[in-house]
Amino acid sequence: MQLFLDTASVAEIRTMWEVGILDGVTTNPSLVAKEGRKFDDVLREVCGLGVPSVSAEVVATDTDGMLTEGRRLREIHRSIYVKVPMTAAGLKATKVLAQEGTRVNMTLVFSANQALLAAKVGAAYVSPFIGRLDDQGQDGMGLIRDIVQIYRNYSYPTKVLVASVRHPIHVLDAAKAGADIATMPFAVMEKLVQHPLTDLGLARFLKDWEKVPKG
Ligand code: G3P
């Protein structure tokens, strides 16, 4: 399963890119607003690191506006995936963009039927928001299992990108469900690396090593 960071912080992205476990980045208007930087500057910097998949979201709500923004965003760098919301206008824009060869990430997906539609119009990724479903008392991971099964039934090439991930169990369950990608905040990715028994074990090994005769 590919691991993406859900952030517009170049510092966070650089850190995980250098560790070597990062496959891509997703951004959204809220994450970009938090950074207080120009969107294009952030995108160019992240793509410049060599990150092969960087999702950049359109903010237009009509099809023509989405097409104009999507065409502009994809010209910024070959690693850009254009993020389009799951609306009727978004489906229409995705179909055109996909036919033009643009890779589209359909976002704000909350049902399996919406995911089916994203696949039908040729989206490269579908982004179901599981944390926000869990927050509503609905089964976010159940949605991922349904989408994975539907895409397998019909051999749709659209990749399932699990979004709105809140903790490491979400990542584990996404991998068990056969999702293609999980995108997560920096703090969650850090937790994938760490384990208290690893730290304790390493400290013990180093302490015992002091007792080994040297030279
Ligand atoms: O980027 C889309 C999604 O991952 C947002 O997550 O935590 O705002 O629900 P969250």
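Model, not experiment: these values are computed from the prediction.

Here is what the cut-offs are and how they apply
- Residues numbered from 1 in each chain as written.
- Predicted model: local features only at pLDDT ≥ 70, side-chain atom pairs only at ≥ 80, totals over all residues.
- Heavy atoms only, no water.
- Axes fitted to C-alpha atoms, helices over the stretch in contact; angles between N-to-C directions.
- Helix = DSSP H or I, 4+ residues; strand = E, 2+ residues; numbered from the N terminus.
- Parallel < 35°, antiparallel > 145°, perpendicular 65-115°, else oblique.
- Left-handed = near helix turned anticlockwise from the far one by under 90°.
- Contact = heavy atoms within 4.5 Å.
- Nonpolar A, V, L, I, M, F, W, Y, C, P; charged D, E, K, R; others polar.
- Near = heavy atom within 4 Å.
- Polar contact = N/O pair within 3.5 Å; in protein donor to acceptor, adjacent residues only side chain to side chain.
- Areas by Shrake-Rupley, 256 points an atom, 1.4 Å probe, with all protein chains shown as cover.
- Pairing = 2+ DSSP bridges.
- Core = buried A, V, L, I, M, F, W, Y, C linked by side-chain atoms within 4.5 Å.
- Buried < 20%, exposed > 50% of the residue type's maximum accessible area, 1.4 Å probe, protein only.
- Phe/Tyr/Trp six-rings, centres within 6.5 Å; stacked < 30°, edge-to-face > 60°.
- Arc of directions from axis to C-beta.

Chemist: An account of the packing of helix H4 (residues 63-76) against helix H5 (residues 88-99) is needed here, citing residue identities and associated values.
Modeler: Packing of H4 against H5 brings their axes to within 9 Å, and their N-to-C directions diverge by 40°. By the angle between their directions, the pair H4 and H5 is classed as oblique. Like other packed secondary-structure pairs, H4 and H5 cross with a definite hand, here right-handed. Only Ala89, Gly90, Lys92, Ala93, Val96 and Leu97 of H5 make contact with H4, whose side of the interface consists of Thr63, Met66, Leu67, Gly70, Arg71 and Arg74. Residues of the contact of H4 with H5, tallied by class, amount to six nonpolar, three polar and three charged.

Chemist: I'd like a rundown of the site of the ligand, residues and numbers included.
Modeler: Neighbouring the ligand are the residues Asp6, Asn28, Lys83, Phe129, Arg132, Ala163, Ser164 and Arg166. Side-chain polar atom of Lys83 to an oxygen atom of the ligand: 3.5 Å apart, as the coordinates give it. Measuring from an oxygen atom of the ligand, one finds a side-chain N or O atom of Arg132 at 2.7 Å. Its free accessible area being 310 Å², the ligand has 83% of it covered by the protein chains. The class makeup of the residues in the shell around the ligand is two nonpolar, two polar and four charged.

Chemist: Residues and numbers for the sheet that holds strand E3 (residues 54-57), please.
Modeler: With respect to topology, eight strands assemble into a closed barrel ordered E1-E2-E3-E4-E5-E6-E7-E8, the strand pairing being parallel. This sheet shows a mean twist of 30° between the axes of neighbouring strands, independent of strand direction. Bridging between strand E2 (residues 24-26) and E3 involves two bridges; their strand directions are parallel. Paired with Val25 across the bridge in E3 is Val54. Lying on the sheet, helix H10 (residues 186-193) is in contact with strand E1 (2-6) and strand E8 (181-184); it crosses E1 at an angle near 140°.

Chemist: Let's hear about the nonpolar core: which residues, and what values?
Modeler: By size, the foremost hydrophobic cluster in this structure holds 61 residues, and its most contacted members are Ile80, Met106 and Ile144. Among the elements that take part in this core, helix H8 (residues 140-154) stands out by supplying six residues, more than any other. Contact partners of Met106, with chain neighbours within four places excluded, come to Val84, Pro85, Met86, Gly90, Leu91, Thr94, Ala118, Val121, Ala123, Tyr125, Val126 and Ser127. Membership of the second largest hydrophobic core comes to seven residues, among which are Phe4, Tyr125, Phe129 and Ile181.

Chemist: Can you break down the packing of aromatic side chains residue by residue, with the values?
Modeler: Using the criterion set out here, one finds five aromatic pairs in the structure. Taking the centre distance of 5.6 Å and the plane angle of 65° together, the rings of Phe110 and Phe129 count as edge-to-face. Taken as a pair, Phe110 in the loop between strand E5 (104-109) and helix H6 (112-120) and Phe129 in the loop between strand E6 (125-128) and helix H7 (130-135) lie far apart in primary sequence, 19 residues in all. What makes Phe110 partly exposed here is its relative accessible area of 31%. An aromatic cluster of three or more residues is present, and its members are Phe4, Tyr81 and Tyr125.

Chemist: Residues and numbers for helix H1 (residues 10-19), please.
Modeler: Residues lying three or four places apart along an α-helix face the same way, a consequence of the helix completing one turn every 3.6 residues. If you check which residues of H1 are buried, you get Val10, Ile13 and Met16. Projected onto a plane normal to the axis of H1, the buried residues spread over an arc of 135° and lie on a single side. Residues of H1 that are exposed and point over 90 degrees away from its buried face: Ala11, Glu18 and Val19. The inward-facing, buried residues of H1 abut E1, E2, helix H3 (39-48) and H10. Gly20 sits one or two positions beyond H1 and adopts a positive phi of about 100°.

Shape is all these values report; function is a separate question.
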